[in-house]
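Understanding the architecture of this molecule
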Amino acid sequence: MTIRIGVIGTGVMGAGHASMLASQIAGCEVVAVADADEARAKVVAGKVGAARVFSDGKALIGDTGVDAVVVASPDPTHHPLVMECLRQVKPVLCEKPLGTNSTECREIVETEMRSGRRLVQVGFMRRFDPGYEAVKAALTEERHGLPLFLHCIHRNAVAASYTTSEAIILNTAVHEIDAARFLLGEEFVSATVRGTRATRSAPSRTPQFLLLETASGVLVDIEAFVDAQYGYDVRAELVCEKGAMSLAQTHAVRTWSSGTVGNSLYADWMGRFDDAYRRELQAWVQSIRSWKAVGASAWDGYVSTRTAELCLEAYRSRQTVTIDIEERPAFYA
Ligand code: ISE
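Residues numbered from 1 in each chain as written. Predicted model: local features only at pLDDT ≥ 70, side-chain atom pairs only at ≥ 80, totals over all residues. Heavy atoms only, no water.

1. Focus on the layout of surface pockets
Computed from the structure, the largest pocket encloses a volume of approximately 1400 Å³. Elements represented by at least two residues in the lining of the largest pocket include exactly helix 1 (12-24), helix 4 (78-87), helix 7 (165-184) and helix 10 (298-317). The biggest single contributor to the lining of the largest pocket is helix 7, with 7 residues. Partitioning the lining of the largest pocket into residue classes produces 24 nonpolar, 19 polar and 7 charged. Counting the residues that make up the lining of the largest pocket, at least three belong to each of domain 1 (3-126 + 275-297) and domain 2 (130-268 + 304-332). Approximately 370 Å³ is the volume attributed to the second largest pocket. Those elements giving two or more residues to the lining of the second largest pocket turn out to be helix 7 and helix 10. For the lining of the second largest pocket, the two domains that each supply at least three residues are domain 1 (3-126 + 275-297) and domain 2 (130-268 + 304-332). (1 Å grid on protein atoms, 1.4 Å probe; cavity = no way out; pocket = protein on both sides within 12 Å on 5 of 7 lines; lining within 4 Å. Points joined across faces, edges and corners; volume = space filled by probe spheres on them. Helix = DSSP H or I, 4+ residues; strand = E, 2+ residues; numbered from the N terminus. Nonpolar A, V, L, I, M, F, W, Y, C, P; charged D, E, K, R; others polar. Domains from an automatic or database assignment.)

2. A short note on the site of the ligand
Neighbouring the ligand are the residues Lys96, Met125, His154, Asn156, Asn171, Thr172, His175, Tyr232 and Trp269. Take His154: an N or O atom from its side chain is 2.6 Å from an oxygen atom of the ligand. Protein burial of the ligand: of its 300 Å² of free accessible surface, 82% is covered by the chains. Here the ligand is seated within the largest pocket. No other element matches the 3 residues that helix 7 contributes to the shell around the ligand. (Near = heavy atom within 4 Å. Polar contact = N/O pair within 3.5 Å; in protein donor to acceptor, adjacent residues only side chain to side chain. Areas by Shrake-Rupley, 256 points an atom, 1.4 Å probe, with all protein chains shown as cover. Sits in = over half its atoms within 2 Å of the grid points.)

3. Quick look at the side chain of Arg272
Note on placement: Arg272 falls in helix 8 (residues 269-272). Look at Arg272 and you get buried, because its relative accessible area is 7%. If we ignore the near neighbours within four places in the chain, the residues touching Arg272 are Asp129, Tyr232, Val234, Leu247, Ala248, Thr250 and Tyr266. (Buried < 20%, exposed > 50% of the residue type's maximum accessible area, 1.4 Å probe, protein only. Contact = heavy atoms within 4.5 Å.)

4. Points about empty space enclosed by the protein
Under the definition given, this model contains 2 cavities of 30 Å³ or more. Residue contributions to the lining of the largest cavity peak at 3 residues, all from helix 9 (residues 274-290). When the residues that make up the lining of the largest cavity are grouped by side-chain class, the tally is 8 nonpolar, 2 polar and 2 charged. Estimated volume of the second largest cavity: approximately 50 Å³. What lines the second largest cavity is Tyr232, Asp233, Val234, Gln249, Thr250, His251, Leu265, Tyr266 and Arg272. Looking at the lining of the second largest cavity residue by residue, the classes come out as 4 nonpolar, 3 polar and 2 charged.

5. Quick look at a nonpolar patch on the surface
Side chains of Leu148, Phe149, Phe209, Leu211 and Leu219 sit close together on the surface and give an oily, nonpolar patch of about 390 Å² of accessible area. Along the polypeptide, Leu219 turns up in strand 10 (residues 219-225). For Leu219, a relative accessible area of 31% puts it in the partly exposed group. (Patch = residues over 30% accessible without salt bridge, like charges linked within 9 Å, V, L, I, M, F, W, Y side chains within 5 Å. Salt bridge = Lys/Arg side-chain N within 4 Å of Asp/Glu carboxyl O.)

6. Structural notes on the pairing of strand 8 (residues 188-195)
In this sheet, strand 9 (residues 208-214) lies alongside strand 8 in antiparallel orientation, the contact comprising 7 bridges. Looking across to strand 9, one finds that Ala191 is bridged to Leu212. In this structure, strand 8 lies alongside strand 15 (residues 321-322), joined through 2 bridges in antiparallel fashion. Bridge pairing in strand 15 places Ser190 opposite Thr322. (Pairing = 2+ DSSP bridges.)

7. Some thoughts on the pattern of salt bridges
For the structure on display, the rule yields 23 salt bridges. Between Asp67 and Arg4 there is a salt bridge, and its shortest N-O distance comes to 2.8 Å. Highlighted residues: Asp67 in the loop between helix 3 (57-62) and strand 4 (68-71) and Arg4 in strand 1 (residues 3-8), separated in sequence by 63 residues. For Arg4, a relative accessible area of 31% corresponds to the partly exposed category.

What follows is the structure, encoded as structure tokens:
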């Protein structure tokens, strides 16, 4: 059975997902594309061979020829579109964040639980990155003993001019929040957050430094800096009792020139996590066929946003904030 997919949103992420689904993912076809900018949707639909184009995401979800939906439209549309997918009982892969706040995410969780079926996957693609997967496997087997520190770096070359200090926590550092939960398999209990001074290339926002503690006492630090100018750079090093593991950097090219040797960097996440996106999409399509959910759940979407919100509180108050996440419902075990 070929899964007929509708893609909502044709910006960088939506266009990327549509093209990957159409050309590299087995067991599916892209049959419909939606974007408020219908002309842009038409261009993407033409490239991926989708016959139907919509300017309204909800109309795409209601199309009887669409079996499953990718939501990659602007963040404020995620909650209403995912709620509509739940109403229409259609599996949905929603880009992060699941909602603009934890109340919206919680409503999705409650509605999905009432439906009795796991229909929502959140696009935290790092869970499908071979590097993060290898670190998780080593941790699960306790190959290097128990974890003590997780050092994370998340640098973007440039951010959109409207990006705020708050968005650096809610939209950028939230990746590390989810990745740390995925690796360590536990929740955070406290957060302290500070901004540095602003940089001269982006005076309206400050790079962020987050220090979080998990329930078992692992310390996780996150540098989130979206104006690093030189390229996209994501790193993580996990220090355990008798060994340490660091994500191998994946590089496009190594260059010898002018007396130096160096690796080129990807410009953004689309290149660095290309493999992770492909594996995420393939796993999602397979999960629809087998009705066995994979990846980050709606619960993970809720917890990551709730944790990021509390980090925001810690940033604003300059106080250490307690994080008290409710027990995970058995539905998401
Ligand atoms: C963006 O939305 C992403 O999801 C990227 O992975 C991240 O690096 C970037 O900072 C976000 O704005």
